[in-house]
Amino acid sequence: QVQLVESGGGLVQAGGSLRLSCAASGRTFSNYVMGWFRQAPGKEREFVAVISWSGRNTAYADSVRGRFTISRDNAKNTVYLQMNSLKPEDTAVYYCAASSDYLHLTTKLSEYNDWGQGTQVTVSS
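Only a predicted model underlies this, so the values are computations on that prediction, with no experimental measurement involved. (Residues numbered from 1 in each chain as written. Predicted model: local features only at pLDDT ≥ 70, side-chain atom pairs only at ≥ 80, totals over all residues. Heavy atoms only, no water.)

Caption draft 1: Quick peek at the sheet that holds strand β1 (residues 3–7). Within the open sheet, the 4 strands sit side by side as β1-β3-β8-β7. Their pairing is antiparallel. Edge positions in the sheet fall to β1 and β7 (68–73), since each has one partner strand and no second. Across the sheet, the mean angle from the axis of one strand to that of its neighbour is 15°, orientation sign disregarded. Bridge count between β1 and strand β3 (residues 18–25): 5 bridges; the pairing is antiparallel. Across the sheet, Leu-4 pairs through a bridge with Ala-24, a residue of β3. (Pairing = 2+ DSSP bridges. Helix = DSSP H or I, 4+ residues; strand = E, 2+ residues; numbered from the N terminus. Axes fitted to C-alpha atoms, helices over the stretch in contact; angles between N-to-C directions.)

Caption draft 2: Representation of the environment of Ala-14 within the structure. Residue placement: Ala-14 occurs in the loop between β2 (10–13) and β3. Not counting the four nearest positions on each side in its chain, Ala-14 is found in contact with Leu-86, Pro-88, Val-123, Ser-124 and Ser-125. (Contact = heavy atoms within 4.5 Å.)

Caption draft 3: The arrangement of the state of the cysteines in detail. By the definition in use, this model includes 1 disulfide. With its sulfur 1.9 Å from that of its partner, Cys-22 forms a disulfide with Cys-96. Handedness here is read from the sign of the S-S torsion; for Cys-22 and Cys-96, about 50°, the answer is right-handed. Of the two residues, Cys-22 is situated in strand β3 and Cys-96 in strand β9 (residues 92–99); the sequence distance between them amounts to 74 residues. (Disulfide = S-S within 2.5 Å.)

Caption draft 4: Geometry of unusual backbone geometry. Even without being a glycine, Asn-77 presents a positive backbone phi close to 55°. Tracing the chain through its elements places Asn-77 in the loop between β7 and β8 (78–83). Positive phi is not limited to glycine here, since Ser-85 has a value of about 50°. By the element assignment, Ser-85 lies in the loop between β8 and β9.

Caption draft 5: The packing of aromatic side chains, seen in detail. If you walk through the whole model with that rule in mind, you get 4 aromatic pairs. Look at Phe-37 and Trp-115: their rings are 5.0 Å apart centre to centre, the planes differ by 55°, and that puts the pair in the tilted class. One end of the pair, Phe-37, is in strand β4 (residues 33–39); the other, Trp-115, is in strand β10 (residues 114–115), with 78 residues separating them in the sequence. Of the aromatic side chains, those joined through ring pairs into one cluster are Phe-37, Phe-47, Tyr-112 and Trp-115. Cation over ring: Arg-45 sits above Tyr-95, and NZ or CZ is 3.7 Å from the ring centre. (Phe/Tyr/Trp six-rings, centres within 6.5 Å; stacked < 30°, edge-to-face > 60°. Lys NZ or Arg CZ within 6 Å of the ring centre and 35° of its normal.)

Take a look at the structure:
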């Protein structure tokens, strides 16, 4: 099991930027595929981005591709989500998650073993 703690959320105007961080502890961080998900009020939790254990491979939801960038620093046991050109529809609680299936870039919530507590991102129009 790996423990995850997100930070970096907040209130930003449309068009602005935020950088989320997720610090991991407990198990060998580089053994995990790491994902970011989000959940808006009244909606289901949805996939945002995923990064391979090495950091060489990434995938994004269509709604954020070209605006968000996922990255990781295995030496610091941290994964990041750089969010640019934010829109009001990006408002949600953002969660990082770890998948022990390190061979696949999975976008499915059910394939992630461990979750952080979430950080709120609010984008005003």
